[in-house]
Amino acid sequence: MKRLLLTTLVSAATVLAWLPLEGGLGQSHPKQWLPAKGKMRGVNLGSHFIVEPWMVPIEWNVMGCGAYPSEFDCVKGLGQEKANAAFQAHWEQWVTEKDVESMASWGLNTIRIPVGWWIREDLVDRNETFPQGGWRYLERICNWAAKNGIYVIIDMHGAPGAQTRWQSFTGMWVEYPGFYTVYNYGRAYEFLEWMTELIHTNRHFRTVGMIQVINEPEWDFPSVRSEFYPISYKKIRAVESKLRVKPKNEIHVQFMDTKWGAGNPNEFLPRNARTLAYDNHRYLTRDFNVPATKIAYINASCNDHLSVNNETPLLVGEWSLGPRTAAENTPEFTVAGGQNMEFYTRWWAAQVISYERGRGSAGWVYWSWRTQLGEDYRWGYKNAVEAGAIPKDPNQAYQINPC
C-alpha cells in the first residue's frame with residue numbers, strides 16, 4: 001500500500017491537469033485548458049437551475065412545489081407568475097458568491113453547471129411550462145466563478161422533451177422520453193449554438209471552457225450518437241468559425257463516454273473532430289457487480305481504471321459517497337450520529353486518487369455542492385466538509401492512504 005501511495009503522489013505531481021486562461025473580450029481568449037498543478041477538482045451545482053426534489057425537500061416545499069415531481073409540473077401547477085417568483089427566490093440564495101469563494105478556498109477549481117434548454121426562453125413552446133428568468137442568474141454565477149479563477153462546464157442536463165423517463169433532472173417527469181425527434185434535436189442545436197456564442201462574446205463567461213451536449217441520454221436511441229452528437233459538434237464549431245475563433249480558443253465539446261453505457265461517442269463524429277472531452281458518472285450505488293460492503297467499495301474504487309483509448313481527456317463528472325440505496329441506513333453504512341465517518345473519508349480519498357490517475361484523466365466533479373438531507377452528507381460536498389467527512393484540502397486524499 002505504501003508503494004501505491006508513493007506512485008500516486010508522484011503521478012499527481014507530474015501529470016497534466018487543466019485550468020483556463022482568463023482574458024478580456026476583444027483579446028486572444030484561450031478556452032483550452034493549460035498544464036497546471038493538480039487535476040480538475042470540482043462540484044456540480046445540482047438542484048440550482050434544475051431542481052431534483054429528492055435532494056432539496058425543504059427548499060422544494062418552501063417554493064410551493066412539494067406536490068409536484070418536476071419543474072415543468074410545478075410551474076404548470078402554480079401558474080407562470082407565481083412560479084417565476086418562487087424560482088427566482090431559489091436562484092437568489094441556493095448558490096451564493098460566498099459559496100463560490102468557499103469552493104476556491106477548499107482547493108476546488110471547477111464547477112459543472114447543469115442547466116435546462118429552457119433557460120433560452122424563446123425556444124419554449126406555448127404548451128410547455130418552465131420557470132423564467134434563470135438566464136441572468138447563470139450569467140452571475142459564471143462571473144463569480146471567473147472572479148475566483150474557477151473553470152466552468154455548461155452541461156445541457158435537461159433536453160427538449162426530456163432525454164430519459166421518470167427523472168426530474170430533465171426538468172420533466174415523463175413516461176416516454178420525447179427528446180429523440182427531429183424537432184427537439186433542432187431546439188437542442190439552437191440552445192448549443194446560442195450558448196457557444198455567449199461563451200465567446202460575453203465577459204461573464206470568460207472561464208467557461210466546455211459544453212456537455214447532453215447529460216445521460218437513454219441507451220435505446222442510437223440516433224443520439226449517429227445524428228445528435230455529430231451535428232451538435234458541427235453546429236458548435238460553425239459558430240466558432242463565424243466568430244473567427246482560433247483553434248486554441250475553441251471550447252471543449254463533451255460527450256458521455258463508452259463505459260457509461262450509451263455507446264461509442266466517437267463513432268459518427270467527423271474524422272477531424274478536435275478539442276473533445278468525455279464524461280463518466282461513477283456511482284457505485286448503481287453498480288450491482290460490486291457487493292454492498294465497505295471492503296468491496298474501497299477495493300472497487302482503488303482499482304477503478306475508467307479511461308479508454310481515444311476517449312480522453314476523461315472527466316468523472318458525477319460521483320458521490322452514496323452506497324446502495326437498500327443498504328444506506330444499515331449498520332454497515334449509516335451516517336446517523338456520525339457513525340462510519342472514517343470509512344466515508346477513506347472512500348472519498350480512494351475515489352479522488354482513482355479519478356485523478358493517469359494522463360488520460362482530467363479529474364473529477366462531485367455530485368453535488370449541497371443538499372438538504374439532514375445529517376446525511378453523502379450527496380453534498382459542502383455538507384460532507386462541514387460534517388468532517390471530507391477534508392477541506394483535496395490533496396489530503398493522498399495522505400489518507402485508503403488503498
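The coordinates are above.
Residues numbered from 1 in each chain as written. Predicted model: local features only at pLDDT ≥ 70, side-chain atom pairs only at ≥ 80, totals over all residues. Heavy atoms only, no water.

So, about unusual backbone geometry. A cis geometry characterises the amide bond from Thr312 onward to Pro313, with omega recorded as 0 degrees. In this structure, Pro313 sits in the loop between helix H9 (294–302) and strand E7 (314–319). A positive phi is found at Ala162, a non-glycine position, where the angle reads about 75 degrees. Considering the arrangement of structural elements, one finds Ala162 in the loop between strand E3 (151–158) and helix H7 (182–201). Not every positive phi belongs to a glycine, and Asn340 is a case in point at roughly 65 degrees. Secondary-structure assignment places Asn340 in the loop between E7 and helix H10 (341–355). (Helix = DSSP H or I, 4+ residues; strand = E, 2+ residues; numbered from the N terminus.)

The next thing to look at is the environment of Phe130. For Phe130, the position within the fold is in the loop between strand E2 (110–116) and helix H6 (135–147). Between the C-alpha atom of Phe130 and that of Ser70, which follows or precedes it by 60 residues, the distance is 9.7 Å. If sequence neighbours within four positions are ignored, Phe130 has contacts with Phe72, Val75, Gln80, Asn84, Trp117, Trp118, Val124, Gly171 and Met172. (Contact = heavy atoms within 4.5 Å.)

The subject of this paragraph is the state of the cysteines. Summed over the entire model, instances satisfying the criterion amount to two disulfides. Each sulfur in the disulfide pair Cys65 and Cys74 lies 2.0 Å from the other. Looking along the S-S bond of the Cys65-Cys74 disulfide, the torsion reads about -60 degrees, which is the left-handed sense. Neither Cys65 nor Cys74 differs from the other in exposure class; each is buried. Cysteines bonded in the protein are numbered consecutively along the chain; their disulfide partners then correspond to 1-2, 3-4. (Disulfide = S-S within 2.5 Å. Buried < 20%, exposed > 50% of the residue type's maximum accessible area, 1.4 Å probe, protein only.)

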